[in-house]
Amino acid sequence: MQGKLAHAAPTSRTESLILWRRIAGGFSAGQQRAIAEPLLSAVRTLHKKQMTGKGSDPTFSPHEGLEVLRLLGSLELLPGETKIELGNLLIDLLSKRKLEPLRSALALGLGRIGARVPVYGPLNTVVSPREAGVWAEKILAVGVSDPLCMFALFQIARRTVDRYRDLPESLRDKVLAWMERANAPSHALELVRTGGQLDEQEQSRVFGESLPKGLRIR
């Protein structure tokens, strides 16, 4: 990730981001930080431009931006403070109308960062319920019925029966009520209400694409 692509066309850059995302789970924490640093810088630039109108435009194309956000969300071994910074950036950007083409990727990244159950990382990589709860409240306030916003919500509010990871019951009830009004799938409601394992479609959404044959995640 520290070198330059031999062919740096937008398509090549996008394909390289997809490659890093697919193999991210095999990297060490240090390697994931090295991957994240230039991407975080780009997201900070985008955030500054959207929130203040100042600064330069991000260097990635809209399609590249989708993969940047998906890749960042997949880096479960990033330090807690980095995840919190990234989550705060994404939640601010989620409500921006100009970024509607990126909304699904913003929501997907936020759902991965705030998930109560990591895909491959240890439990000490899970962001605290206090931080994740703030993101859930803000998603509810945005009120967008995008399927991936709903997906982010149930990842963040998913019950684990672990008081160090679960959101407060009152907030989980608010999420459930919102999801019911939005006609959420029954299995998503069950994950928030009582917990359980992701079904095949949900696993594919977490992974960002159809899972390779034989691969299963929690």
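Anything mentioned here points back to the structure above.
Here the structure is a predicted model, which is why all the values come from computation and not from measurement.

Draft legend 1. Local environment of the packing of helix α8 (residues 169-181) against helix α9 (residues 186-193). At a minimum axis separation of 10 Å, α8 and α9 run at an interaxial angle of 175 degrees. It follows from the interaxial angle that α8 and α9 lie roughly antiparallel. On the side of α8, the interface is formed by Arg 172, Leu 176, Met 179 and Glu 180, while α9 contributes Ala 188, Leu 189, Val 192 and Arg 193. Along the lines of polarity and charge, the residues of the contact of α8 with α9 split into five nonpolar, no polar and three charged.

Draft legend 2. Structural view of α8. Taking 1.5 Å of rise per residue, 13 residues should cover 18 Å, and α8 covers 18 Å from first to last C-alpha, within 8% of that figure. Looking at α8, one finds that the buried residues are Leu 171, Arg 172, Val 175, Leu 176, Trp 178 and Met 179. For α8, the angular spread of buried residues about the axis comes to 165 degrees, placing them on one side. Opposite the packed face of α8, turned more than 90 degrees from it, sit the exposed residues Glu 169, Ser 170 and Arg 181.

Draft legend 3. Inspection of the pattern of salt bridges at higher detail. Summed over all chains, the structure comprises nine salt bridges. Where Glu 64 meets Arg 13, a salt bridge forms, and the shortest distance between an N and an O atom there is 2.8 Å. Of this pair, Glu 64 sits in helix α3 (residues 62-74) while Arg 13 sits in helix α1 (residues 10-23), and the two are 51 residues apart along the sequence. A residue is classified by how much of its surface remains accessible, and Glu 64, at 6% relative accessible area, is buried. The class of Arg 13 is partly exposed, set by a relative accessible area of 27%. When the shortest N-O distance is used, the salt bridge between Arg 70 and Glu 67 registers 2.8 Å. Here Glu 67 and Arg 70 lie together in helix α3, a separation of three residues that amounts to about one turn. Residue Arg 70 is classed as partly exposed on the basis of its relative accessible area, which comes to 26%. Exposure remark for Glu 67: the relative accessible area of 4% places this residue in the buried category.

Here is what the cut-offs are and how they apply
Residues numbered from 1 in each chain as written. Predicted model: local features only at pLDDT ≥ 70, side-chain atom pairs only at ≥ 80, totals over all residues. Heavy atoms only, no water. Axes fitted to C-alpha atoms, helices over the stretch in contact; angles between N-to-C directions. Helix = DSSP H or I, 4+ residues; strand = E, 2+ residues; numbered from the N terminus. Parallel < 35°, antiparallel > 145°, perpendicular 65-115°, else oblique. Contact = heavy atoms within 4.5 Å. Nonpolar A, V, L, I, M, F, W, Y, C, P; charged D, E, K, R; others polar. Expected span 1.5 Å × (residues − 1). Buried < 20%, exposed > 50% of the residue type's maximum accessible area, 1.4 Å probe, protein only. Arc of directions from axis to C-beta. Salt bridge = Lys/Arg side-chain N within 4 Å of Asp/Glu carboxyl O.

So far we have only geometry, and geometry alone does not tell us how the molecule works.
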